[in-house]
Structures are given as structure tokens and as C-alpha cells.
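Single-letter residue listing:
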Amino acid sequence: MQNAFHSPNHGLRGRLEEWLANNTLLRRLRRSLLSRLPFVTLTSDVRDVVYANWVVPVSKVRQVVPDRIQLVERDGTTVLTVLTYRHTHFGPALLGPLRALFPSPLQSNWRLYIDAVDGQRRSSLVLFIRNVFDSLLYALVTRVLSDVLPSQTARAFTHACSANDCETTIVDTEGTLGLHLAARVEEARILPKAFAALFDSWDEAVRSLALQDAAIAQIPDEAALAHSRIDLPIDLRTVEPLQATHIEAGPWLRSLGAEGPPLCFRVPAVRLRALSDTLIR
């Protein structure tokens, strides 16, 4: 199965976790049941949202893009983003203050930007190609209860920001989704030359890469796409430019064309809400 879940544990426990996360029957049963019920909105006050963006050849990412999807591209290139942040009590919004009982995991979404689905133009829509948590619990729950987050759990995952810099390290259980990024806050808002074919300015790039209202993911067991509406009201005035001072991309990122220093920026804080989880058949 493409992007099957790999447990960080060995032996019987690991096999049970992989059976649970990859079980087609359980997913179909969940879809049948939850499609009859109102969606439970999920929310989190996320912070230190770091975007690392590369211009990559469309030919290199085509392998992870469903046939029904056309990417935003120009001159045979598109943008690949690794977006990493810390949750603050990620859980059902309806619990109100009791949401404070929920954990605050680290999460990283790896995504591309969609221009059209089934030939129909769409804006503010991204394609999730990988999703990584530092929490085994959240990785398993999102695998079982959602289609739009193709989650893995990390063997090592750190993400921290100070007033002047940020550092992220991700090593997944298979050793392919690795990333080590160190970056410092910069004053200058300079658009790298590689991005000039896709955007007219740094401000336009940040607006296009940060403001989305929905996400899509490919699912392995049906001829359908998972679709989730999201609310991420980023105040662009708070966005801080970052300059990468150290970058090591793992084998999978490099295979997709992520070479050289990325265009980076940070959103200090924003409230995230997941509003739906449906299928587009």
C-alpha cells in the first residue's frame, strides 16, 4: 500500500499498530458510520509554524500526484513545502476549556499546491503527500479516523524557535523522510531567483503559500480523494522571513527535487480548525 503506516515498535505491538493503521475494513466501516453524523470540528492553537519551500521539477513529483489533480506550475516547475509546527491541545472544539486535557504534539505536513481537480480550477487548495507526528497516538488516530492525513510517526522529531532562530529535526521510522533545518530570523524580504518564475514578489509568495482553505490527499483503498476544509486565518503582517543556515534533506525529499536552501518563513501563532473530512469520488 502506498504510504503505508510503519510502526516505530517491533514485535507483536508493532504488528498490531500497523494492522490497525492500515486496515482497509476499519476505514470503510468508519466512513460508513461517520458519514451519517455531523463532523466534529478539531482545533488547535498552533505556534512556531515554519515553512520550508523548494521549487522542484514537476516531473519529479508526478509520482505522488493523483491523475485527477493538476498542480500549480510554470515552466515545468512547482513548489514543494514542508510545514512544521507545534500544536497546543489539539482536539475537538466542542470540548471548550476541556480541550486543555489533550496533548500538544509536533506535526509536519509535506505538500504541493493544486491548480485544478478533475479539470475544474481550484484556488487555496493543497495536496498532502506526507504527514508526520512526534506522537504515535496522534499518528494512529489520524490514520484510523481520517483520510486526509497520511500520517507517519517520527523516530526523532524536534522543533523549537526562539526570538531569533528556529531549528527542526525529523527522522521517520523508515529513515527516508528526514529533514534537518536551522534558520535565523531576517529583516529582508527577498524572493529567491528560483521562485521568480512563479511569484512576482516575496509578499505574493507568502500569501500564496500560507493562505489555504482546504486540503486533499490520495487514499489507497478507493478510487477517491480525501478532502478537508480548514480554517487557518494567518495575519500576514505577523509573518517573519527566515534565512536557512543549515539544511539536510532526507532521501525522499531529495528524490522530489528538494535541493539547495529553501525559501523559509515563520508564522508565530494561529488558530487552526479542521472543518470537514469527506471523499471526492
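Residues numbered from 1 in each chain as written. Predicted model: local features only at pLDDT ≥ 70, side-chain atom pairs only at ≥ 80, totals over all residues. Heavy atoms only, no water.

**Student:** What should I look at first to understand the overall build of the protein in this one?
**Tutor:** Scanning the protein from terminus to terminus reveals 6 helices and 15 strands. Since a compact globule built from 281 residues should have a radius of gyration of about 19 Å, the 18 Å found for the protein is in line with a globular shape. The dimensions of the protein, computed from C-alpha atoms along their principal axes, are 50 × 40 × 35 Å. Counting over 281 residues, the protein shows a buried share of 50%. (Helix = DSSP H or I, 4+ residues; strand = E, 2+ residues; numbered from the N terminus. Rg over C-alpha atoms; globule rule 2.2 N^0.38 Å. Buried < 20%, exposed > 50% of the residue type's maximum accessible area, 1.4 Å probe, protein only.)

**Student:** What is the right way to read the side chain of S7 from this model?
**Tutor:** Tracing the chain through its elements places S7 in the segment before α1 (11–22). On the basis of relative accessible area, S7 is assigned to the buried category, the value being 9%. Side-chain polar atoms of S7 contact the side chain of E17, separated by 2.5 Å. Apart from residues lying up to four places away in sequence, S7 is in contact with G14, E17, E18 and T173. (Polar contact = N/O pair within 3.5 Å; in protein donor to acceptor, adjacent residues only side chain to side chain. Contact = heavy atoms within 4.5 Å.)

**Student:** What's the story with a nonpolar patch on the surface in this structure? I'm lost.
**Tutor:** A contiguous nonpolar surface patch, about 550 Å² in accessible area, is contributed by L33, L34, L37, L137, V141 and L145. At the level of secondary structure, the elements contributing two or more residues to the nonpolar patch comprise α2 (24–34) and α4 (136–145). Of the residues forming the nonpolar patch, the biggest block, 3 residues, is contributed by α4. Locating L34 in the fold gives a position in helix α2. Judged by relative accessible area, L34 falls into the partly exposed class, the value being 38%. (Patch = residues over 30% accessible without salt bridge, like charges linked within 9 Å, V, L, I, M, F, W, Y side chains within 5 Å. Areas by Shrake-Rupley, 256 points an atom, 1.4 Å probe, with all protein chains shown as cover. Salt bridge = Lys/Arg side-chain N within 4 Å of Asp/Glu carboxyl O.)

**Student:** What exactly am I supposed to notice about the side chain of R111 here?
**Tutor:** Take R111: it is sitting in strand β5 (residues 106–117). Despite its burial, R111 remains without a salt bridge, the nearest opposite charge being carried by D213 at 11 Å. Those residues within four positions of R111 in sequence are excluded, and the remaining contacts are Y51, V79, L80, T81, L83, V126, L127, F128, I129, L209 and Q212. (Lys, Arg positive; Asp, Glu negative; His and termini not counted.)

**Student:** Can you walk me through unusual backbone geometry in this structure?
**Tutor:** Phi is positive for D75, close to 55°, though the residue is something other than glycine. Within the secondary structure layout, D75 lies in the loop between β2 (69–71) and β3 (77–86). Although it is not a glycine, H89 sits at a positive phi angle of roughly 55°.

**Student:** Got a minute to help me understand α2 in this structure?
**Tutor:** In an α-helix, one full turn covers 3.6 residues, which means residues spaced three or four apart are oriented alike. Turning to α2, its buried residues are R27, R30 and R31. Along the long axis of α2, the arc covered by the buried residues comes to 100°, so they all point the same way. Exposed and facing more than 90 degrees away from the buried side of α2 are L25, L29 and L33. Each element contacted by the buried residues of α2 is listed here: α1, α4 and β15 (278–280). (Arc of directions from axis to C-beta.)

**Student:** What is the right way to look at the pattern of salt bridges in this model?
**Tutor:** Between side chains of opposite charge, pairing is possible as soon as their charged atoms come close. Inspection of the entire model under this criterion finds 15 salt bridges. Residue R184 pairs with E186 through a salt bridge whose shortest N-O separation is 2.9 Å. Take R184: its relative accessible area is 40%, and that puts it in the partly exposed class. Here the salt bridges do not stand alone but share partners, grouping R30, R31, D147, E222 and R281 into one network.

**Student:** Before we go on, may I ask you to explain the nonpolar core in this structure?
**Tutor:** Looking at soluble globular proteins, one finds that nonpolar side chains tend to be buried together. Within the largest apolar cluster, 39 residues are counted, with the highest numbers of intra-cluster contacts made by I69, L112, I129 and L253. Counting residues per element, this core draws most heavily on β5, which supplies 5 residues. Non-local contacts of L112, meaning those with residues more than four positions away in its chain, are made with V61, V64, V65, L71, T78, V79, L80, V126, L127 and I129. Counting residues in each nonpolar core, the second largest holds 34 residues, with V79, F199, A210 and L232 among its members. (Core = buried A, V, L, I, M, F, W, Y, C linked by side-chain atoms within 4.5 Å.)

**Student:** Where do I start with the state of the cysteines in this structure?
**Tutor:** Here is the idea: a disulfide is a covalent bond, and it sits between the sulfur atoms of two cysteines. One pass over the full model with this rule turns up 1 disulfide. Between C161 and C166 runs a disulfide, and the two sulfur atoms are separated by 2.2 Å. Across the disulfide from C161 to C166, rotation about the S-S bond amounts to roughly 110°, and the bridge is consequently right-handed. When its relative accessible area of 22% is taken as the criterion, C161 is described as partly exposed. Among the cysteines around C264, which has no disulfide bond, C166 carries the closest sulfur, lying 9.3 Å off. (Disulfide = S-S within 2.5 Å.)

**Student:** How should I be thinking about the pairing of strand β9 (residues 165–172) in this particular structure?
**Tutor:** Consecutive side chains along a regular strand alternate between the two faces of the sheet. Side chains C166, T168, I170 and D172 project from β9 onto a buried face, and the interleaved D165, E167, T169 and V171 project onto a face without burial. Here strand β8 (residues 151–161) runs beside β9; their pairing, made up of 7 bridges, is antiparallel. Residue pairing for β9: A160 is matched across the bridge by E167. The hairpin formed by β8 and β9 contains 3 residues between the paired strands. Of the strand pairs in this sheet, β9 and strand β10 (residues 179–185) are connected by 6 bridges, and their pairing is antiparallel. Residue pairing for β10: T169 is matched across the bridge by H180. Between the antiparallel neighbours β9 and β10 lie 6 residues, among them G175 with a positive phi of about 75°. (Pairing = 2+ DSSP bridges.)

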